[in-house]
2 protein chains.
Amino acid sequence: MNACVMSADDQALVQGVLAGERRALAKTITLIESQRLDHQQRAQQVLSALLPHTGRSVRIGISGVPGVGKSTFIESLGLYLIGQGKRLAVLAVDPSSTVTGGSILGDKTRMELLSMRTEAFIRPSPSSGALGGVAERTREAMLACEAAGYDVIVIETVGVGQSETAVADMTDLFCLLQLPNAGDDLQAIKKGVMELADLVVINKADADPTAAQVARSHINNALSMIAGRGEDWAVPVLCLSALSAPEAANGVAQMWQEVERFVATRNESGRFQVRRQQQARGWMWQQIERELRQRFRHHTAVADHVAQFEADVVAGCMTPGDAATRLLSMFKG
Amino acid sequence: MNACVMSADDQALVQGVLAGERRALAKTITLIESQRLDHQQRAQQVLSALLPHTGRSVRIGISGVPGVGKSTFIESLGLYLIGQGKRLAVLAVDPSSTVTGGSILGDKTRMELLSMRTEAFIRPSPSSGALGGVAERTREAMLACEAAGYDVIVIETVGVGQSETAVADMTDLFCLLQLPNAGDDLQAIKKGVMELADLVVINKADADPTAAQVARSHINNALSMIAGRGEDWAVPVLCLSALSAPEAANGVAQMWQEVERFVATRNESGRFQVRRQQQARGWMWQQIERELRQRFRHHTAVADHVAQFEADVVAGCMTPGDAATRLLSMFKG
């Protein structure tokens with residue numbers, strides 16, 4: 001679609017990704033994550049070429065507080081799926097890495113068994129940039145993984161900031177991992193996160209089966225209070241343990257069965273495709289609005305006055321409407 | 001603050017509002033609600049002059065589904081407050097009126113007893129414009145009411161669309177009215193609305209006291225699942241009836257006691273003022289972003305292409321990032 005023709009290197013990259021070559025996929029994602037303008041333009045060309053081959057995976061978001069056992073769970077799930085003849089890619093949106101360059105989710109080589117399998121592609125979160133930018137690059141990395149033929153894309157995040165909304169917004173099914181403590185840990189369910197969940201898994205349930213059942217009943221109760229969730233799907237709450245091997249296998253199989261039931265239900269109602277279409281439209285507008293805000297804030301006259309006007313508004317000596325009107329009149333768009 | 005000097009008429013308007021004259025207040029709000037550009041400029045001048053005299057009321061948002069008894073409740077509350085020597089203004093954000101010109105909240109003269117009292121000022125919702133614009137005008141009308149010396153501003157809305165968020169966002173305390181049916185009606189609590197509530201009132205509780213207690217326990221349970229709500233305030237859930245006179249008086253007095261406790265608690269922790277400051281800053285940016293979106297959508301080149309690009313993105317034949325970049329390059333800001 002771009003005026004300039006794709007280079008031979010980039011054409012080779014596209015062919016490599018489409019052939020399912022891990023090295024080509026990794027290089028493509030590096031290109032997507034690059035902050036360099038020429039890289040970004042190349043990435044968009046490569047993505048445009050890959051686009052007709054995307055959309056055929058199941059996109060799963062997985063979130064939970066640090067310590068809930070996300071890595072172990074994803075590893076169990078991954079090994080189970082490989083056993084079912086599937087290939088999976090694991091990506092991450094790590095809000096900590098975007099702020100500090102450090103990472104809560106850590107090095108993905110924690111998933112030792114999974115990372116040794118050729119059927120799995122594991123990629124840590126891009127470690128710089130604002131959340132919006134990271135989310136955008138993760139979405140594009142997801143498209144590249146789909147073009148490379150992965151059947152399942154897992155996008156991991158932690159219960160911090162807006163990252164859960166961002167991940168729910170780029171996946172077909174959002175799975176919330178919980179600990180079986182009915183007390184303080186349940187309180188840690190952030191505002192609005194329960195509403196994002198299509199599936200809740202109480203992990204480490206074997207540590208305290210009674211507590212897990214109490215937690216399950218509390219969560220079911222909370223879910224019943226959330227109306228308008230999509231009438232075709234009652235959010236299941238599963239108890240499982242990803243630690244002890246046989247129970248883990250059972251639990252993960254049960255979880256995957258729910259995923260398949262979700263996909264079948266939503267395909268039948270047409271809502272599977274509708275959600276993806278809404279997401280795509282939403283991403284476009286998010287990016288446009290982010291860029292408009294940036295242009296506005298960086299506009300010379302606006303940048304000179306915005307802090308003072310904001311202070312006046314906060315102090316109550318200028319109405320928000322007046323301040324907005326004045327700043328907008330400085331910004332000739 | 002504006003370059004041009006205020007007209008004698010508008011100066012008289014300001015004086016009238018500050019003297020608490022209802023006619024001057026009504027005319028000022030009409031000016032605020034006008035879509036005419038010259039009126040909007042005059043309204044901003046008038047508001048700037050009133051601004052030093054604002055901020056001294058308690059701003060209360062009240063929401064609930066049609067039929068929950070909002071008008072009766074607000075009338076009882078208003079009469080109670082007048083009995084306590086207070087003056088109150090009742091405004092509305094009615095999402096139905098912004099779309100259809102009709103109104104769910106209806107003619108405010110429903111509050112027959114209250115509307116006859118000089119201590120009360122009742123104003124229906126502006127009946128045109130998008131919700132963002134209506135919310136903005138209601139906020140400004142609220143400031144005018146404060147300058148006119150009203151002690152309590154009640155802003156009423158219904159459980160439809162985004163209007164509840166908008167009202168919670170312009171008030172100090174958001175009160176959710178509920179019916180005592182534990183079944184389908186409780187399900188009608190919309191996504192995220194419970195999280196907005198600082199106070200929940202189960203109205204018409206006398207109709208079925210047992211059901212009301214069940215509803216109360218369900219709502220308490222749901223509230224306990226919402227973390228990060230502000231550690232200094234546990235949201236009270238009250239059962240009351242606004243229909244039968246003596247119980248109504250008791251219930252409303254109890255409700256007002258909770259409001260006063262809330263205000264005292266939040267003043268002590270400093271969060272009362274912080275919430276207002278955050279709201280003011282948020283309003284400024286909301287207005288800026290709304291206007292930037294409008295300018296973008298109405299830009300000639302963008303307007304010519306946006307529908308096609310959006311369709312391509314939804315159909316999966318253009319990446320959201322690519323579409324955003326192309327549209328933004330057309331929009332020279």
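Residues numbered from 1 in each chain as written. Chains lettered and ligands numbered in written order. Predicted model: local features only at pLDDT ≥ 70, side-chain atom pairs only at ≥ 80, totals over all residues. Heavy atoms only, no water.

Student: Before we move on, could you go through the packing of helix H13 (residues 300-315) of chain B against helix H14 (residues 320-330) of chain B and cite the residues and values that matter?
Tutor: All names here are of chain B. One can describe the packing of H13 onto H14 by two numbers: an axis separation of 10 Å at closest approach and a directional angle of 175°. Taken together, H13 and H14 sit at an angle that is classed as roughly antiparallel. Of the residues in H14, those in contact with Ala301, Val302, His305, Val306, Phe309 and Val313 of H13 are Pro320, Ala323, Arg326, Leu327 and Met330. Of the residues in the contact of H13 with H14, the class split is 9 nonpolar, 1 polar and 1 charged. (Axes fitted to C-alpha atoms, helices over the stretch in contact; angles between N-to-C directions. Helix = DSSP H or I, 4+ residues; strand = E, 2+ residues; numbered from the N terminus. Parallel < 35°, antiparallel > 145°, perpendicular 65-115°, else oblique. Contact = heavy atoms within 4.5 Å. Nonpolar A, V, L, I, M, F, W, Y, C, P; charged D, E, K, R; others polar.)

Student: Explain the pairing of strand E5 (residues 173-178) of chain B residue by residue, including any values.
Tutor: All names here are of chain B. In terms of burial, E5 is largely enclosed, as 6 of its 6 residues are buried. By the alternation rule, side chains of E5 split into Leu173, Cys175 and Leu177 and Phe174, Leu176 and Gln178, which are all buried. As defined by bridge partners, strand E1 (residues 58-64) adjoins E5 across 4 bridges and the pair is classed as parallel. Residue pairing in the sheet places Ile60 in a bridge with Leu173 of E5. Sheet analysis places E5 next to strand E6 (residues 199-202), joined by 4 bridges and oriented parallel. When the sheet's bridge partners are listed, Leu177 is paired in E6 with Val201. (Buried < 20%, exposed > 50% of the residue type's maximum accessible area, 1.4 Å probe, protein only. Pairing = 2+ DSSP bridges.)

Student: Help me get a handle on the sheet that holds strand E6 (residues 199-202) of chain A, residues and values and all.
Tutor: Residues and elements named next belong to chain A. Spatial ordering of the open sheet is given by E3-E2-E4-E1-E5-E6-E7, a layout of 7 strands whose pairing is parallel. Of all strands in the sheet, those bounded by a partner on one side alone are strand E3 (120-122) and strand E7 (237-239). Between one strand axis and the next, the sheet turns by 20° as a mean value, whatever way the strands run. Sheet analysis places strand E2 (residues 88-93) next to E3, joined by 3 bridges and oriented parallel. When the sheet's bridge partners are listed, Leu88 is paired in E3 with Ala120. Strands in contact with helix H4 (residues 70-83) are strand E1 (58-64), E2, E3, strand E4 (152-158), strand E5 (173-178) and E6; relative to E4, the strand with the most contacts, it is inclined by about 175°. Lying on the sheet, helix H10 (residues 209-224) is in contact with E5, E6 and E7; it crosses E7 at an angle near 170°.

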